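Survey of secondary and tertiary structure
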Amino acid sequence: MAADSIVFVWRGTDRNGCSSTGEVLASSAALARVQLRKQGILTKSVKKKPKPLITFGAKKIKPADIAIFTRQLATMMKAGVPLVQAFDIVAEGTDHEKCVS
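Residues numbered from 1 in each chain as written. Predicted model: local features only at pLDDT ≥ 70, side-chain atom pairs only at ≥ 80, totals over all residues. Heavy atoms only, no water.

1. Some points on the nonpolar core
If you look at the biggest cluster of nonpolar residues, it comprises eight residues: Phe 8, Trp 10, Val 24, Ala 26, Ala 32, Leu 36, Ile 41 and Val 46. Listed by contribution, the elements that provide at least two residues to this core are strand S1 (6-13), strand S2 (19-26) and helix H1 (29-38). Apart from residues no more than four positions distant in its own chain, Val 46 is found in contact with Phe 8, Val 9, Trp 10, Ala 29, Ala 32, Arg 33 and Leu 36. (Core = buried A, V, L, I, M, F, W, Y, C linked by side-chain atoms within 4.5 Å. Buried < 20%, exposed > 50% of the residue type's maximum accessible area, 1.4 Å probe, protein only. Helix = DSSP H or I, 4+ residues; strand = E, 2+ residues; numbered from the N terminus. Contact = heavy atoms within 4.5 Å.)

Structure, rendered in structure tokens:
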């Protein structure tokens, strides 16, 4: 496996004409299509696999966390704190550091 390989998800049809989907490792979408063609798969779409938004092992964000965040943000906005600065202040006080980037 090359260091610059990317996971692509694909949709297509196999040699029998049956719809099929899967993942393939390649350095580009074009090379992914070539690999699949060699396997007898006619691709309809090949897209880079999206990265997950939530990482496993991170604490879950609960409705109570959202309520606290919203109240803190509203208080700062009423006090005239600029939005971006208010986000930074709230983020510094959170326990969910993996959720803040």
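2. Notes on the pairing of S2
Pairing of S1 with S2 involves eight bridges; the strand directions are antiparallel. Each residue of the ladder has a partner; that of Thr 13, found in S2, is Ser 19. From the end of S1 to the start of S2, which pair antiparallel, there are five residues, and Gly 17 there has a positive phi angle of about 85 degrees. (Pairing = 2+ DSSP bridges.)

3. Brief notes about the packing of aromatic side chains
Per the stated rule, a full pass over the model turns up one aromatic pair. An angle of 10 degrees between the planes, with centres 6.1 Å apart, marks the rings of Phe 69 and Phe 87 as stacked. Here Phe 69 is found in helix H2 (residues 63-78), whereas its partner Phe 87 is found in helix H3 (residues 83-92), with 18 residues between them in sequence. (Phe/Tyr/Trp six-rings, centres within 6.5 Å; stacked < 30°, edge-to-face > 60°.)

4. A look at the pattern of salt bridges
Considering all chains together, one arrives at one salt bridge under this definition. Residues Lys 49 and Glu 23 are paired through a salt bridge, measuring 2.9 Å at the closest nitrogen-oxygen approach. Here the residue Lys 49 occupies a position in the loop between strand S3 (42-48) and H2, and Glu 23 occupies one in strand S2, the gap between them amounting to 26 residues. For Lys 49, a relative accessible area of 38% translates into the label partly exposed. (Salt bridge = Lys/Arg side-chain N within 4 Å of Asp/Glu carboxyl O.)

5. Some points on the sheet that holds S3
Hydrogen bonds along the backbone pair up the strands of a sheet, which may run parallel or antiparallel. Read from one edge to the other, the open sheet built from three strands follows the order S2-S1-S3, with strand pairing classed as antiparallel. The open sheet has two edge strands, S2 and S3, and neither has a second partner. When the angles between neighbouring strand axes are averaged without regard to direction, this sheet yields 25 degrees. (Axes fitted to C-alpha atoms, helices over the stretch in contact; angles between N-to-C directions.)

6. Overview of the side chain of Thr 43
Examined against the element boundaries, Thr 43 turns out to sit in strand S3. A distance of 2.9 Å separates the side chain of Thr 43 from the side chain of Arg 33, its partner in a polar contact. Ignoring any residue separated from it by four or fewer positions in sequence, one finds Thr 43 in contact with Arg 11, Gly 12, Arg 33 and Leu 36. (Polar contact = N/O pair within 3.5 Å; in protein donor to acceptor, adjacent residues only side chain to side chain.)

7. With respect to the side chain of Ser 45
Relative to the helices and strands, Ser 45 is located in strand S3. Judged by relative accessible area, which is 15%, Ser 45 ranks as buried. Leaving out residues up to four positions away in the same chain, Ser 45 has contacts with Val 9, Trp 10, Arg 11 and Arg 33.

So far we have only geometry, and geometry alone does not tell us how the molecule works.
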